[in-house]
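Overview (structure and organization)
Here is what each chain is made of, one letter per residue.
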Amino acid sequence: FGGYIGKAYTVNDAVQDGAVVPLLYEGRHNIMKVNEDPINRFFDKVSEPLSDYGKARLKKKFNTVNELNKAEQIVYARAWDISEHYTNFFQTHGDKYKPKAQVVAPTVKTALLYKEYLDEIGMVSSEVVVTRTDQREGLEDGFNSNNEDKKREDAYFNAMIDKYGSEKRFEKSIINQFKKREHPEILIVVAKLLTGFDVPNNTVLYLCKPLKDHTLLQAVARVNRVFPGKDYGYIIDYYGN
């Protein structure tokens, strides 16, 4: 459609022009102690029918960062860290504005765990906005969810349907509350609301899953919108993106 117009308009140019706020990134990790003995005994029990080769492949499959990232102890430790971090730096922000935050979880099961633990800790208010997993098979990420996981998910969605009438009305109501009211302070998501979700006072993105390329760029752009009193968007990365 013609010649080259000029030099590229970069993110730094947008920051200088005041179109977006700059982003501050922090890699953040919890120190965890692993009690290996009961884990090994449990593995030996469930893998007993397998050959030595099969046991080695199974151990390799689950001894990964992605699997450890979903462990309940790690989710609980991060829920505490998120609660303290948000409370110390953003909940007592003063009269300038009320910063909001998003937690990006790896799975629906983990998202509901974050909600459960954040409620238990009681320092911040949160809600979960996710796509319900396959109701016919109870599948998530290609693995069969156990009964407890399924019960937790069904209980959450059924309670929301009872309160709001449908999942669609629940989701719409929660998003409106996040945009216009003081609570919830934090939205817990998996894949939803990481693109095209525009809440200018959304300030903090807690990353608890791997993201890359345009998906990561779209996600971090949730917190770079300009808002009165907002100096930065914050990316708190627990995964190591």
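See the structure shown above.
Residues numbered from 1 in each chain as written. Predicted model: local features only at pLDDT ≥ 70, side-chain atom pairs only at ≥ 80, totals over all residues. Heavy atoms only, no water.

A count of helical and extended segments in the protein gives 9 helices and 8 strands. Per-residue burial for the protein yields a buried fraction of 41% across its 241 residues. Put simply, of all contacts in the protein between residues at least 6 apart along the chain, 74% involve residues at least 24 apart. Split by element, the accessible area of the protein, about 14400 Å² in all, is 53% carbon and sulfur. (Helix = DSSP H or I, 4+ residues; strand = E, 2+ residues; numbered from the N terminus. Buried < 20%, exposed > 50% of the residue type's maximum accessible area, 1.4 Å probe, protein only. Contact = heavy atoms within 4.5 Å. Areas by Shrake-Rupley, 256 points an atom, 1.4 Å probe, with all protein chains shown as cover.)

Each turn of an α-helix holds 3.6 residues, which means side chains three or four residues apart point in the same direction. Taking 1.5 Å of rise per residue, the 14 residues of helix H6 (residues 108-121) would be expected to cover 20 Å, and the 20 Å separating its terminal C-alpha atoms lies within 8% of that figure. Counting buried positions over the 14 residues of H6 gives 10, a clear majority of the element. Taken together, the buried positions of H6 are Val108, Thr110, Ala111, Leu112, Leu113, Tyr114, Lys115, Tyr117, Leu118 and Ile121. Just downstream of H6 lies Gly122, where phi reads positive at about 80 degrees. (Expected span 1.5 Å × (residues − 1).)

Here we come to the pairing of strand E7 (residues 202-207). Counted residue by residue, E7 has 6 buried out of 6 residues, so it is predominantly covered. Two elements, strand E2 (residues 100-104) and E7, share 5 bridges in a ladder whose sense is parallel. Looking across to E7, one finds that Ala101 is bridged to Val204. The pairing of E7 with strand E8 (residues 233-237) spans 4 bridges and is parallel. Within E8, the position partnered with Val204 by the bridge is Tyr234. In terms of handedness, the path from E7 via helix H9 (residues 213-220) over to E8 forms a crossover that is right-handed. (Pairing = 2+ DSSP bridges. Right-handed = clockwise from strand over helix to strand, strands pointing away.)

Before going further, it helps to spend a moment on the layout of surface pockets. Looking at the second largest pocket, its volume works out to about 210 Å³. In terms of lining, the second largest pocket is formed by Val11, Val15, Val20, Val21, Pro22, Leu23, Leu217, Gln218, Val220, Ala221, Arg222 and Asn224. With 3 residues, H9 is the single largest residue contributor to the lining of the second largest pocket. Along the lines of polarity and charge, the residues of the lining of the second largest pocket split into 9 nonpolar, 2 polar and 1 charged. (1 Å grid on protein atoms, 1.4 Å probe; cavity = no way out; pocket = protein on both sides within 12 Å on 5 of 7 lines; lining within 4 Å. Points joined across faces, edges and corners; volume = space filled by probe spheres on them. Nonpolar A, V, L, I, M, F, W, Y, C, P; charged D, E, K, R; others polar.)

Once that is clear, we can look at the environment of Leu187. Within the element layout of this structure, Leu187 appears in strand E6 (residues 186-189). A relative accessible area of 0% places Leu187 in the buried class. For the pair Leu187 and Lys100, spaced 87 residues apart in the sequence, the C-alpha separation amounts to 8.3 Å. Beyond its immediate stretch of four places on either side in the chain, Leu187 contacts Ala101, Gln102, Val103, Glu127, Val129, Ile174, Phe178, Leu193 and Phe197.

Taken together, 6 strands build an open sheet; the order of strands is E1-E8-E7-E2-E6-E3 and the sheet is parallel. Two strands in the sheet have a free side with no partner beyond their single neighbour: strand E1 (23-27) and strand E3 (126-128). Each strand axis lies, on average, 20 degrees off the axis of its neighbour in the sheet, ignoring direction. Along the sheet, H6 contacts E2, E3 and E6; its crossing angle with E3, the most-contacted strand, is approximately 160 degrees. (Axes fitted to C-alpha atoms, helices over the stretch in contact; angles between N-to-C directions.)

This brings us to helix H8 (residues 167-180). Look at H8: 20 Å from first C-alpha to last across 14 residues, which is about the 20 Å you get at 1.5 Å a residue. All of the buried residues along H8 are Phe170, Ser173, Ile174, Ile175, Gln177 and Phe178. In this structure, the buried side of H8 is in contact with E2, E3, helix H7 (147-164), E6 and E7.

Purely spatial values, then, with no claim about function.
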